[in-house]
Amino acid sequence: MIRVELRVNGEAVSREVDDRTLLVELLRYELGLTGTHVGCDTSQCGACTVKLDGAAVKSCAVLAAQASGGEVLTVEGLSTPQQLGEVPAAFVACHGLQCGFCTPGMMMAIDYYLDTDGSLDDERIHQALEGNICRCTGYVNIIEAVKHAAHARIEAGKPVGRQHG
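Chemist: What am I meant to see in the overall build of the protein here?
Modeler: Secondary structure assignment for the protein yields six helices and five strands. Sequence-ordered secondary structure for the protein, helices as α and strands as β, is β-β-α-β-β-α-β-α-α-α-α. On C-alpha atoms alone, the protein measures out to a radius of gyration of 15 Å, which is about the 15 Å that the 2.2 N^0.38 rule sets for 165 residues. The dimensions of the protein, computed from C-alpha atoms along their principal axes, are 45 × 35 × 30 Å. Each of the 165 residues in the protein was classed as buried or not, and the buried ones make up 44%. Taking all contacts inside the protein whose residues are at least 6 apart in sequence as the whole, residues at least 24 apart take part in 57%. Of the charged side chains in the protein, 13 are positive and 21 negative; the average position of the first set lies 1 Å away from that of the second.

Quick notes on the rules
- Residues numbered from 1 in each chain as written.
- Predicted model: local features only at pLDDT ≥ 70, side-chain atom pairs only at ≥ 80, totals over all residues.
- Heavy atoms only, no water.
- Helix = DSSP H or I, 4+ residues; strand = E, 2+ residues; numbered from the N terminus.
- Rg over C-alpha atoms; globule rule 2.2 N^0.38 Å.
- Buried < 20%, exposed > 50% of the residue type's maximum accessible area, 1.4 Å probe, protein only.
- Contact = heavy atoms within 4.5 Å.
- Lys, Arg positive; Asp, Glu negative; His and termini not counted.
- Charge placed at Lys NZ, Arg CZ, Asp CG, Glu CD.

By themselves, these observations are geometric and do not establish any function.
What follows is the structure, encoded as structure tokens:
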């Protein structure tokens, strides 16, 4: 057993977990944050994508102990109870989901993309989403949601692509 201490969606969290506990297991089963999905369990599909210290990671490929001391943002952290964040609101506006299973991972990958690049070029968006699979093949609306979210961030005066200067 190992003590894991981190911040999740801005809240301090501390849990004693088995050494082999994955970050996705900590989030879903210990903290009840079930928005992070387990799709393939081999880091291929991206359904488990979260942000760890500002970087998009597949939480099924990260031990909870490796995340200790870090800051995790899950899909639940993209919005407040009063207002949807730019990315979830864009998915609603653009019908960017079908069955919805990949949606949380897609949203986290897009949030990271908007932080680091934010280009509205289709090819760059395609590359940014390569690690996330939509089995319903709803990519056209997802790409529109990326552009919609980027415009919403700009209109709100928030930075887009700030990590690249």
